[in-house]
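Now for the letters of each chain:
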There are 2 protein chains.
Amino acid sequence: MTMMTTDLYPSRVADQAGITPRQDPVLHATEAQLRAGPLSADELAFFDKNGYLFWPGRFTPAEVERFRRELDGMQSAASRDDSEPQMVREPGGTAVRSIFAVHEGQPVFAAMARDPRLCGVARQILGGDVYIHQSRVNFKPGFIGKEFYWHSDFETWHVEDGMPHMRAISFSLLLDDNLPYNGPLMVMPGSHHHYISCVGRTPADHYKQSLRRQEYGVPDPESLTRMYEQCGIAMPTGPAGSVLMFECNILHGSNSNITPLSRRNVFMVYNSLENTLGAPFADVPPRPEHIACRRPAAL
Amino acid sequence: MTMMTTDLYPSRVADQAGITPRQDPVLHATEAQLRAGPLSADELAFFDKNGYLFWPGRFTPAEVERFRRELDGMQSAASRDDSEPQMVREPGGTAVRSIFAVHEGQPVFAAMARDPRLCGVARQILGGDVYIHQSRVNFKPGFIGKEFYWHSDFETWHVEDGMPHMRAISFSLLLDDNLPYNGPLMVMPGSHHHYISCVGRTPADHYKQSLRRQEYGVPDPESLTRMYEQCGIAMPTGPAGSVLMFECNILHGSNSNITPLSRRNVFMVYNSLENTLGAPFADVPPRPEHIACRRPAAL
């Protein structure tokens, strides 16, 4: 695991950005695994082509209520205690932006990680055993929630965490109604077929800042414009309990939220057990365990 | 004009925010003036109740193209010359955020100010002669366009410019498609019936900063939440050439814009000639002419 792996996706190594084709499949499972469900052939084809799927109301209001209660407790504990490394605050403020590794301390979120509506789908797409690479809550509080700029998760996980292949997917479970105006996630459908290498080197400890506001691993405006012209933008919205699944390399981001409506989402990131982390491809020390799991255990 | 007028709408004078009823009508014209058009009785009733109206495609693509060409010239001139006071840049950057007084230097925008689709409607609602209190272009450039936080224009025009009554309306003419995801204007329908007084005193020269990012004259979160619960949010979107008209006291704002799609709007603000500016109600010198006209001339 500590041996140097070939870098299929170089980034932050040149002065010029570039767009290269994806080297990995999107659907990693065998035909038989794919046919076994839970997703239908149509859903799989949509995901293969577009890199995301959205299910309105996938979790019940009662389930959402249970998640929210857990979060309320965590948030008020977080506001009392500044020492938790799992907690990230808004840029220029003290409001909680994100809490990481929610599936570890909280039984409610540990159960969510094992829920077949997420975990079963991840196994079907990634082909076999999976583990949680990262989990987190993004709060995007009302009035002051700031943007998450366009990025590919995989670019960061590859460069800073040493994830070798594109064989991971994320689920965002909406804990508040996501409306067009409270900063819902946007994706560029089909952009997961392209790898955008970014400009600039990665400073050590970059992650402490980047989780608040990213400066490296940011696609350049020209590449984003090209991708937009080719892919457009989709902005799935729906009630609390809806689920957005998206491929690890899809370009995504969200605008700010000045409305009074907070927009809390829980993210669960599943990685294949055949795609565990090696040494970072950038010359930086590995990020902490609560951001990038290096002790994988199959779910 | 320099005599002290009764302050019907005190703000920035107390430690507590408050919500008080509007003291002025929304439709200021006589029955006969209102019946004369151009707006229908239904449109007038909608505006009276909700404080805004939206007309998709009100200006033709050819007209939009003419406005855009003019803007492109102004923007590139602006990027060469930093000394123009009419120009405001994005917070923390050099991108052009707004250009003021566009109806003065540019014949194309002078003609827009006199266009019956704007000016005629303003006369019908405000009852008689009107003049341009303020005109501007907001650029909200792609990738980096920042929020405009919730505010009532009237609160600022009253406190900082000495506008005595709520007898002004704004038109936003969209020069780019306004989509749900490129930071379109949001309004709280019906909020124009309520006056939110804000906390804090106004520093002199506040406007130089406030046009980039407002810090005074900002409604408090509790008042905004109450208004949202009562009014909700409308976010009209439509193609370039569409027109959004909104009452001077309606709560409005917009989220940021990380998409590659710039979102340029031209604003024309009409005030009644019977509502010209006096001394500011705050203890500050009057703002410059290009922000608040003190030499009114009927259109």
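Below: a short report on this structure. Quantities reported herein were computed from a predicted structural model and do not represent experimental measurements.

### Section: the interface of chain A and chain B
A common way to report how large an interface is uses the accessible area buried once the components associate.
Link 1 in the chain: Tallying the contact residues gives 24 residues for chain A and 24 residues for chain B.
Link 2 in the chain: Of the roughly 2100 Å² buried between chain A and chain B on both sides combined, carbon and sulfur atoms contribute 66%.
Link 3 in the chain: Of all residues in chain A, Phe-143, Tyr-181 and Ile-258 of chain A give up the largest surface area on contact with chain B, accounting jointly for 31% of the area buried on that side.
Link 4 in the chain: Where chain A packs against chain B, one counts 2 salt bridges.
Link 5 in the chain: Note that Glu-147 of chain A and Lys-146 of chain B form a salt bridge whose closest N and O atoms lie 3.4 Å from each other.
Link 6 in the chain: At the boundary of chain A and chain B, one finds 13 residue pairs in polar contact (both at pLDDT 80 or more).

### Concerning the relation of the copies chain A and chain B
Link 1 in the chain: Mapping chain A onto chain B is achieved by rotating through 180° and translating by 0.0 Å along the same axis, at an RMSD of 0.0 Å. As the rotation angle and translation indicate, the two copies are arranged about a two-fold axis.
Link 2 in the chain: Here 100% of the contact residues of chain A are again contact residues in chain B; the copies associate through an equivalent surface.

### Some thoughts on the packing of aromatic side chains
All names here are of chain B.
Link 1 in the chain: Going through the model one piece at a time under the given rule, you end up with 16 aromatic pairs over all chains.
Link 2 in the chain: Relative to Phe-154, the ring of Tyr-9 has its centre 5.1 Å away and its plane inclined at 85°; by these criteria the two rings are edge-to-face. Here the residue Tyr-9 occupies a position in the segment before strand E1 (18-21), and Phe-154 occupies one in helix H7 (residues 153-161), the gap between them amounting to 145 residues. Grouping residues by exposure puts Tyr-9 and Phe-154 together as buried.
Link 3 in the chain: Look at Phe-171 and Tyr-270: their rings are 5.5 Å apart centre to centre, the planes differ by 90°, and that puts the pair in the edge-to-face class.

### Points about the sheet that holds strand E6 (residues 148-151) of chain B
Residues and elements named next belong to chain B.
Link 1 in the chain: As summarised here, the arrangement of the 3 strands in space is E6-E11-E8, forming an open sheet in which the pairing is antiparallel. Each edge of the sheet is formed by a strand with only one pairing partner; in this case those strands are E6 and strand E8 (185-187). Here the average twist between neighbouring strands, direction ignored, is 25°.
Link 2 in the chain: Relative to strand E11 (residues 252-254), E6 runs antiparallel, the two sharing 2 bridges. Bridge pairing in E11 links His-151 to His-252.

### Concerning helix H7 (residues 153-161) of chain A
All names here are of chain A.
Link 1 in the chain: With 9 of 9 residues buried, H7 is to be regarded as a mostly interior element.
Link 2 in the chain: Those residues of H7 not exposed but buried are Asp-153, Phe-154, Glu-155, Thr-156, Trp-157, His-158, Val-159, Glu-160 and Asp-161.
Link 3 in the chain: Looking at where H7 begins, the residue whose side-chain oxygen comes 3.2 Å from the main-chain nitrogen of Phe-154 is Ser-152.
Link 4 in the chain: Of the residues one or two after H7, Gly-162 is the one with positive phi, at around 75°.

### Regarding the sheet that holds strand E8 (residues 185-187) of chain A
Residues and elements named next belong to chain A.
Link 1 in the chain: Taken in spatial order, the 3 strands line up as E6-E11-E8 in an open sheet, and their pairing is antiparallel. Across the chains shown, the open sheet's two edge strands, defined by having one partner strand only, are strand E6 (148-152) and E8. On average, each strand axis in the sheet is inclined to that of its neighbour by 20°, with strand direction left out of account.
Link 2 in the chain: Here E8 runs beside strand E11 (residues 251-254); their pairing, made up of 3 bridges, is antiparallel. Opposite Met-186, over in E11, you have Gly-253 as the bridge partner.
Link 3 in the chain: Along the sheet, H7 makes contact with E6 and E11, crossing E6 at roughly 65°.

What counts, and where the lines are drawn
Residues numbered from 1 in each chain as written. Chains lettered and ligands numbered in written order. Predicted model: local features only at pLDDT ≥ 70, side-chain atom pairs only at ≥ 80, totals over all residues. Heavy atoms only, no water. Contact = heavy atoms within 4.5 Å. Buried area = accessible area lost by both parts, 1.4 Å probe. Salt bridge = Lys/Arg side-chain N within 4 Å of Asp/Glu carboxyl O. Polar contact = N/O pair within 3.5 Å; in protein donor to acceptor, adjacent residues only side chain to side chain. Least-squares fit on C-alpha atoms with pLDDT ≥ 70 in both. Phe/Tyr/Trp six-rings, centres within 6.5 Å; stacked < 30°, edge-to-face > 60°. Helix = DSSP H or I, 4+ residues; strand = E, 2+ residues; numbered from the N terminus. Buried < 20%, exposed > 50% of the residue type's maximum accessible area, 1.4 Å probe, protein only. Pairing = 2+ DSSP bridges. Axes fitted to C-alpha atoms, helices over the stretch in contact; angles between N-to-C directions.

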